[in-house]
Amino acid sequence: MSNDFGQVLEVRKQSMRQQEERRDHYSQMTSVASSPNSGFSGSLLLQQEGGGAGGAVAIDMEPRYSQQMALIDQNDEYIRSREADMRNIESTLAELSQVFQQLATMVKEQEEMVIRIDQNVDDAHLNVEAAHSELLKYFQSISSNRWLMLKVFAVLIFFFIVFVVFLV
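Residues numbered from 1 in each chain as written. Predicted model: local features only at pLDDT ≥ 70, side-chain atom pairs only at ≥ 80, totals over all residues. Heavy atoms only, no water.

Within the protein, the regular secondary structure consists of 2 helices and 0 strands. Taking all 168 residues of the protein together, the buried fraction comes to 4%. Here the protein displays about 14,800 Å² of accessible surface, and carbon together with sulfur accounts for 63% of that area. (Helix = DSSP H or I, 4+ residues; strand = E, 2+ residues; numbered from the N terminus. Buried < 20%, exposed > 50% of the residue type's maximum accessible area, 1.4 Å probe, protein only. Areas by Shrake-Rupley, 256 points an atom, 1.4 Å probe, with all protein chains shown as cover.)

Structural data, given as structure tokens:
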């Protein structure tokens, strides 16, 4: 699972690089194409007044161009901040992945100890049951010995009474 996640992060990183390269490439091309000294003097829209084909209309693109560049700069700044945040999240997730891998390793190391503890608990349970049955057997033997002792005591009392009554 962590390998798949790592691959997804790598693909995301590559796509972010490609997007940044495209943005740099196209932003350079638009700045070159929109500059008045770029060699597009044949365009009616970029000609200065009185400089071209008999009073052609020239459109001043500078205010609009500067607004667009400001928006592009804002977007670039936003995208860069998002990229930094994504990298931060990516590094945090990588650290979290390492923590979970270490946790899995620790659990695997402790597995044998837990199995041994479980076996010891089962052995202790069996020993307690065996001791309980032995105590019950001992109690029964003591109970039967009590009846025997009562019988012997009764016989002794009988002989004592007979001896006292007939011999005295």
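Continuing now.
Further remarks concern the pattern of salt bridges. In total, this model carries 6 salt bridges according to the counting rule given. Across the salt bridge formed by Lys-13 and Glu-90, the nearest N and O atoms sit 3.4 Å from each other. With Lys-13 in helix 1 (residues 2–34) and Glu-90 in helix 2 (residues 62–167), this pair connects stretches of sequence that are 77 residues apart. Residue Lys-13 is classed as partly exposed on the basis of its relative accessible area, which comes to 27%. (Salt bridge = Lys/Arg side-chain N within 4 Å of Asp/Glu carboxyl O.)

Time to look at the side chain of Arg-23. Counting through the fold element by element, Arg-23 comes out in helix 1. The residues contacting Arg-23, other than those within four sequence positions of it, are Asp-76 and Ile-79. (Contact = heavy atoms within 4.5 Å.)

Bringing the packing of aromatic side chains into the picture now. Throughout the structure, instances matching the rule amount to 1 aromatic pair. When the centroid spacing of 6.0 Å and the interplanar angle of 55° are considered together, the rings of Phe-158 and Phe-159 count as tilted. Side by side, Phe-158 and Phe-159 carry an identical accessibility label, which is exposed. (Phe/Tyr/Trp six-rings, centres within 6.5 Å; stacked < 30°, edge-to-face > 60°.)

Along the chain, Arg-12 turns up in helix 1. Classification of Arg-12 by relative accessible area gives partly exposed; the value is 38%. Along the primary structure Arg-12 and Glu-90 are separated by 78 residues, whereas in three dimensions their C-alpha atoms are 10.0 Å apart.

Approximately 190 Å³ is the volume attributed to the second largest pocket. Looking at the lining of the second largest pocket, the elements with two or more residues in it are helix 1 and helix 2. When grouped by side-chain class, the residues that make up the lining of the second largest pocket number 6 nonpolar, no polar and 6 charged. (1 Å grid on protein atoms, 1.4 Å probe; cavity = no way out; pocket = protein on both sides within 12 Å on 5 of 7 lines; lining within 4 Å. Points joined across faces, edges and corners; volume = space filled by probe spheres on them. Nonpolar A, V, L, I, M, F, W, Y, C, P; charged D, E, K, R; others polar.)

What follows concerns a nonpolar patch on the surface. Taken together, the side chains of Phe-5, Met-86, Ile-89, Leu-93, Leu-96, Val-99, Phe-100, Leu-103, Met-106 and Val-107 make up a nonpolar region of the molecular surface, amounting to roughly 890 Å² of accessible area. Mapped onto the secondary structure, Met-106 falls in helix 2. (Patch = residues over 30% accessible without salt bridge, like charges linked within 9 Å, V, L, I, M, F, W, Y side chains within 5 Å.)

So, about the confidence of the model for the protein. When pLDDT is averaged along the protein, the result is 79, and 77% of the positions lie at 70 or above. Long-range and interchain partners of residues 32–58, a stretch whose pLDDT sits below 50, account for 19 contacts in this model, where long-range means more than four residues apart. (pLDDT = per-residue confidence, 0-100.)

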